[in-house]
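Observations on chain architecture
Listed below, chain by chain, are the residues.
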Amino acid sequence: MSTDVSGTGGTIGVATGTGSGTAGAGGGGAAGAGSESSQLLPTRKVTADGVAGALSVVLVWAANTFWMPEAKQIPAEIASALTTILSFLVSYFVPESTH
């Protein structure tokens, strides 16, 4: 299955999750181990990383909106660095799933 996403006639492949284990342009999905629904679920590590990233963005927004004076708000570059560092630390310490 392919879809034109660029408007110029270019296509991309969409993995179906039931292929031979080769991903790529029009290739299959993950290898046939496990059910298709379990292949679509993120691992604990990925979930923790996403939650940490979102939480850091919300915390910086709340700090800038409610607690920081206008002249001393957290710059976007620092907020981005905090998000990256927090996401790394959380995903480093969360163990891989056993499934």
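Whatever comes next refers back to the structure up there.
Read on for a plain summary of the structure.

About the cut-offs
Residues numbered from 1 in each chain as written. Predicted model: local features only at pLDDT ≥ 70, side-chain atom pairs only at ≥ 80, totals over all residues. Heavy atoms only, no water. Helix = DSSP H or I, 4+ residues; strand = E, 2+ residues; numbered from the N terminus. Contact = heavy atoms within 4.5 Å. Areas by Shrake-Rupley, 256 points an atom, 1.4 Å probe, with all protein chains shown as cover. Buried < 20%, exposed > 50% of the residue type's maximum accessible area, 1.4 Å probe, protein only. Lys, Arg positive; Asp, Glu negative; His and termini not counted. Salt bridge = Lys/Arg side-chain N within 4 Å of Asp/Glu carboxyl O. Polar contact = N/O pair within 3.5 Å; in protein donor to acceptor, adjacent residues only side chain to side chain. Patch = residues over 30% accessible without salt bridge, like charges linked within 9 Å, V, L, I, M, F, W, Y side chains within 5 Å. Expected span 1.5 Å × (residues − 1).

Attention shifts here to the overall build of the chain. Scanning the chain from N- to C-terminus turns up 3 helices and 2 strands. Secondary structure elements of the chain, listed N to C terminal, follow the sequence β-β-α-α-α. Of the contacts formed within the chain by residues at least 6 apart in sequence, a portion of 36% connects residues at least 24 apart. Looking at the chain as shown, the accessible area adds up to about 7200 Å², and 67% of this sits on carbon and sulfur atoms.

On the secondary structure map, lysine 45 appears in helix α2 (residues 44-67). Here lysine 45 sits buried without a salt bridge, and the closest side chain of opposite charge, glutamate 96, lies 4.5 Å off (N-O distance). Of the polar contacts made by the side chain of lysine 45, one reaches the backbone oxygen of serine 91; its length is 2.4 Å. Ignoring anything within four residues of it in the chain, the contact list for lysine 45 reads Ser91, Tyr92, Val94, Pro95 and Glu96.

What follows covers a nonpolar patch on the surface. Residues Val58, Trp61, Phe66, Trp67 and Met68 make up a contiguous nonpolar surface patch of about 610 Å² in total accessible area. Relative to the helices and strands, valine 58 resides in helix α2.

The next thing to look at is helix α3 (residues 76-93). It helps to recall that an α-helix has 3.6 residues per turn; residues three or four apart then point in one direction. Helix length check: α3 (18 residues) gives 26 Å between terminal C-alpha atoms against 26 Å at 1.5 Å per residue, within 8%. Against the buried residues of α3 lie α2.

Moving on to α2. Between its terminal C-alpha atoms α2 stretches 32 Å, which fits the 34 Å expected from 24 residues at 1.5 Å a residue. Within α2, burial applies to Lys45, Ala48, Ala52, Gly53, Ser56, Val60, Ala62, Ala63 and Asn64.

Here we take up the environment of alanine 52. Secondary-structure assignment places alanine 52 in helix α2. Taking the C-alpha atoms as reference points, alanine 52 and serine 91, separated by 39 residues in sequence, lie 8.6 Å from one another. Ignoring anything within four residues of it in the chain, the contact list for alanine 52 reads Leu86, Ser87 and Val90.

Turning next to the side chain of serine 91. Tracing the backbone shows serine 91 in helix α3. Residue class for serine 91 comes out buried when judged on its relative accessible area of 16%. Looking at serine 91, its side chain comes within polar contact range of the main-chain oxygen of serine 87, at 2.9 Å. Not counting residues within four places of it along the chain, the set of residues in contact with serine 91 comprises Lys45 and Asp49.

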